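Architecture and fold: a report
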Amino acid sequence: MTTMNRRNFVKLLAAAPLASVLTVPTAARGAAAAKRVVVVGGGFGGATAARDVNRMDPKIKVTLIEANKTYVSCPLSNEVISGHRTIDTLHASYDALAKRGIEVVHDLVTAIDPAKKSVATKGGKTLSYDALVLAPGVELNYGAVEGYSEAVAAEIPHAYKAGEQTLILKKQLEAMPDGGVFVIAVPKGPFRCPPGPYERAAQVAHYCKTHGKAKSKVLILDTNDTFAKKPLFEQAWNALYPGMIEWVPGSKDGKVVKIDPKTKMAFTELGEHKADVLNLIPPQSAGAIAKAAGLTNAAGWCEVVPSSMESAVHKGIYVVGDSCVGGELPAFPFPKSAHMANTQAKVAAGAIVASLNGVAAPVPYYANTCYSLVAPDYGISVVHVYRVEDNKFVYVKEAGGVSPVDALPIQRKLEAEYADGWFRNIMADAFA
């Protein structure tokens, strides 16, 4: 990275995330004829892991278990809410993985037995494994906010699992009157897509500004006292949507503790806020199956071995994606993003293939890039690269950074274009 500046590095990541971050020695291929890898969860992490194990050693039998037949991407789903993208552009099927020889089972895993190395499904299947990749995403803890539940989410959407929830929130925004208040309640971190709520605020403001609702307001009630890309977001909000977006941090009574679904009232510890549209994002933890398998820590997240993404609790199980322990712990700094899930999956796949073939695991590097679109032609981004030293994650400062605050408009426009390129490529890398 001595001759590549940050702009070119971001462009490279946007254009070519398909390049694997590791390489398994050629001698390893074909050595493990009867081995089986089971992957639980078919998001960016799980699909990438299945594809890369298959690609590195086609003789390993790979089974991907995913309840849904179509994957819907959370990245760029805020653009669906604002009308700049249609939901079908976020869809991916598992057909291409099946054509590669990966067994795709549409079912729900209900139990994992680490001792017997087997998984059981709702449909009655029991599958044994030599290595298991667990990528169950996050569980939304609805009960953490009084008055909220999974049933209530049909009226007070979270839209933090893309699909039907995204479309519900979109319809509510479209029906909101000019002068209405759109409230976004943000949980305590860590949570999926750290800049997501703040990008959503910008997308909602843009919709209001361009659809005859310019008197409307977006109110962010935040449990946290800071957030990802804060200076960049605030600069964009002030420039593009002056007076439309208000952020209330936790230290100023921003934490929502209760809601009234009928009146769309959001209650903090000291105050109350009436919403025309109430978007409540509940606190999160690792997917329920990870907790049931005893893989989570006291905070509800899965700790992993940095050199391989293997569970710190059970050998032979590799945890990738949003279920991994969050950024609040210095030893496990990963943000919960699609790009990081993709990279973690590549590291896990390489470690698994090496282990099953009896060779040394590759030396891993972890890369993350995350784009936020505050307008169709205004993008901002952050890039992180980590290496492993003494089995600890080390942030490589020279390889990353954030978009400059003093960037010219052309750079903001280019980053918006890079965001689309990044998305198309990472979808292809995982699902094509």
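Residues numbered from 1 in each chain as written. Predicted model: local features only at pLDDT ≥ 70, side-chain atom pairs only at ≥ 80, totals over all residues. Heavy atoms only, no water.

**Quick word on the sheet that holds strand β1 (residues 36-40)**
Pairing is parallel in the open sheet, where five strands are placed in the order β5-β2-β1-β9-β19. Edge positions in the sheet fall to β5 (103-105) and β19 (317-319), since each has one partner strand and no second. On average, each strand axis in the sheet is tilted by 20° relative to the strand beside it, whichever way the strands run. Those strands touched by helix α2 (residues 44-56) are β1, β2 (61-65) and β9 (131-134), and its axis lies near 170° from that of β2. Of the strands in this sheet, β1, β9 and β19 are in contact with helix α9 (residues 338-356), which crosses β19 at around 165°. (Pairing = 2+ DSSP bridges. Helix = DSSP H or I, 4+ residues; strand = E, 2+ residues; numbered from the N terminus. Axes fitted to C-alpha atoms, helices over the stretch in contact; angles between N-to-C directions. Contact = heavy atoms within 4.5 Å.)

**A short note on empty space enclosed by the protein**
The tally for this structure, following the rule as stated, stands at two cavities of 30 Å³ or more. Space inside the largest cavity adds up to approximately 50 Å³. Taken together, G321, D322, C324, V325, F334, P335, K336, S337, M340, A341 and Q344 form the lining of the largest cavity. (1 Å grid on protein atoms, 1.4 Å probe; cavity = no way out; pocket = protein on both sides within 12 Å on 5 of 7 lines; lining within 4 Å. Points joined across faces, edges and corners; volume = space filled by probe spheres on them.)

**A closer look at the pattern of salt bridges**
By the definition in use, this model includes 15 salt bridges. With a closest N to O distance of 3.6 Å, R51 and D429 form a salt bridge. Of the two residues, R51 sits in helix α2 while D429 sits in helix α10 (residues 409-431), which places them 378 residues apart along the sequence. On the accessibility criterion, D429 (0% relative accessible area) is buried. Between E389 and R387 there is a salt bridge, and its shortest N-O distance comes to 2.4 Å. Under the relative-accessibility criterion, E389 is labelled partly exposed at 36%. (Salt bridge = Lys/Arg side-chain N within 4 Å of Asp/Glu carboxyl O. Buried < 20%, exposed > 50% of the residue type's maximum accessible area, 1.4 Å probe, protein only.)

**Some words on the sheet that holds strand β17 (residues 277-280)**
Pairing between the strands of a sheet is mediated by backbone hydrogen bonds and can be parallel or antiparallel. Across the sheet, which stays open at both edges, the four strands sit in the order β13-β12-β11-β17 with parallel pairing between neighbours. Two strands bound the open sheet, and with one partner strand each, they are β13 (245-248) and β17. This sheet shows a mean twist of 15° between the axes of neighbouring strands, independent of strand direction. Summarising the sheet, strand β11 (residues 181-186) and strand β12 (residues 217-222) pair through six bridges and their orientation is parallel. By the bridge assignment for β12, V186 is matched with D222.

**Observations concerning the side chain of R412**
As for its position among the elements, R412 is in helix α10. With no salt bridge to any partner, buried R412 finds its closest opposite charge in E415, at an N-O distance of 4.8 Å. A distance of 2.9 Å separates a polar side-chain atom of R412 from the backbone oxygen of P404. (Lys, Arg positive; Asp, Glu negative; His and termini not counted. Polar contact = N/O pair within 3.5 Å; in protein donor to acceptor, adjacent residues only side chain to side chain.)

**Regarding the packing of aromatic side chains**
The final tally for this structure, using the stated rule, is 15 aromatic pairs. Between the aromatic rings of F44 and Y71, the centroid separation amounts to 5.4 Å while the plane-to-plane angle is 80°, which identifies the pairing as edge-to-face. Separated by 27 residues along the polypeptide, F44 in helix α2 and Y71 in strand β3 (residues 70-72) bring together distant segments of the chain. Considering the side-chain rings of F227 and F233, the 6.2 Å spacing of their centres and the 55° angle between planes classify their relative orientation as tilted. (Phe/Tyr/Trp six-rings, centres within 6.5 Å; stacked < 30°, edge-to-face > 60°.)

**Remarks on the state of the cysteines**
Enumeration over the complete set of coordinates arrives at zero disulfides. Among the cysteines around C370, which has no disulfide bond, C193 carries the closest sulfur, lying 5.2 Å off. The class for C370 is buried, based on a relative accessible area of 12%. (Disulfide = S-S within 2.5 Å.)

**Some points on the packing of α9 against α10**
Packing of α9 against α10 leaves a shortest axis separation of 11 Å and a crossing angle of 30°. For the crossing formed where α9 meets α10, the hand is left-handed. Counting all contacts with α9, which are made through A338, H339, N342 and K346, the residues of α10 involved are W422, I426 and D429. Among the residues forming the contact of α9 with α10, the class breakdown is three nonpolar, two polar and two charged. (Left-handed = near helix turned anticlockwise from the far one by under 90°. Nonpolar A, V, L, I, M, F, W, Y, C, P; charged D, E, K, R; others polar.)

**Let's talk about the packing of α2 against α9**
Here α2 crosses α9 at 35°, and the two axes come no closer than 8 Å. Considering how the two elements wind past one another, α2 and α9 form a crossing that is right-handed. The segment α2 lies against α9, with F44, G45, T48, A49, D52, V53, R55 and M56 engaging A338, A341, N342, A345, K346, A349, G350 and V353.

**So, the environment of A428**
With respect to the secondary-structure elements, A428 resides in helix α10. Sequence separation between A428 and H206 is 222 residues; the distance between their C-alpha atoms is 29 Å.

**Structural notes on the pairing of β1**
Here β1 lies mainly inside the structure; five of its five residues are buried. Both faces of β1 are covered, namely the face carrying R36, V38 and V40 and the face carrying V37 and V39. Relative to β2, β1 runs parallel, the two being bridged by five bridges. Residue pairing in the sheet places R36 in a bridge with K61 of β2. Here β1 pairs with β9 via four bridges, running parallel. Looking at the pairing, V37 lines up with A131 of β9.

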